[in-house]
Amino acid sequence: MSKVPSKWIKQIYNKVDIVYFHINIDENISDIVKLCKKFNLIIGLVITTKDDLESIKKLIVKFNRILLLAIDTPGFSGQKFNNKAFEHIKEINKINKKTILCVDGGVNLSNIKQLNCEEVVTGSFILNSSKPKNDLIKLFNTEFF
């Protein structure tokens, strides 16, 4: 998370394939897109459950990748999944049927089956597990995949 992603993109472009950036940055989004394209990076847009999807609909359709933060406060690990994310997932999928949607934050065994998305991030669920290998296998064996 950075309000000035160009600084980081210039430092890591040769170490990554995909760059996600928030809609609420201090730089022009078009300039960031151009910079990412210059370095042949795949580009994704990060939104939160607090973002009004109707007001950013025109922006969402421009991106092939969306990362939805399903937690209340970005930047802090171990937060609970915000159920408002289910409605956002449904709306994002309506707005851009071609998007690859990734849900990050609070994803665990009890909610992963309900997520209508292509990718998930499950940081603290695995990292805080007493049996991380077992829980990772359980996640892979859900109907999500």
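How each quantity is defined
Residues numbered from 1 in each chain as written. Predicted model: local features only at pLDDT ≥ 70, side-chain atom pairs only at ≥ 80, totals over all residues. Heavy atoms only, no water. Disulfide = S-S within 2.5 Å. Buried < 20%, exposed > 50% of the residue type's maximum accessible area, 1.4 Å probe, protein only. Salt bridge = Lys/Arg side-chain N within 4 Å of Asp/Glu carboxyl O. Helix = DSSP H or I, 4+ residues; strand = E, 2+ residues; numbered from the N terminus.

Colleague: What is the right way to read the state of the cysteines from this model?
Modeller: In a disulfide, the sulfur atoms of two cysteines are covalently bonded to one another. Tallied over the entire structure, the rule returns zero disulfides. Left unpaired, C36 is separated from the closest cysteine sulfur, that of C102, by 17 Å. Given the relative accessible area of 0%, C36 is considered buried. Here C117 is not cross-linked by a disulfide; its sulfur's nearest cysteine counterpart is in C102, at 6.8 Å. Classification of C117 as buried rests on a relative accessible area of 10%.

Colleague: What is the right way to read the pattern of salt bridges from this model?
Modeller: Across all of its chains, the model carries five salt bridges by this definition. Between K57 and E54 there is a salt bridge whose closest N-O contact spans 3.5 Å. For K57, a relative accessible area of 34% corresponds to the partly exposed category. Among the salt bridges present, the one from K138 reaches D135, with a minimum N-O distance of 3.8 Å. In this pair, K138 and D135 both sit in helix α6 (residues 132-140), three residues apart, roughly one turn of the helix. A relative accessible area of 45% means that K138 is categorised as partly exposed.

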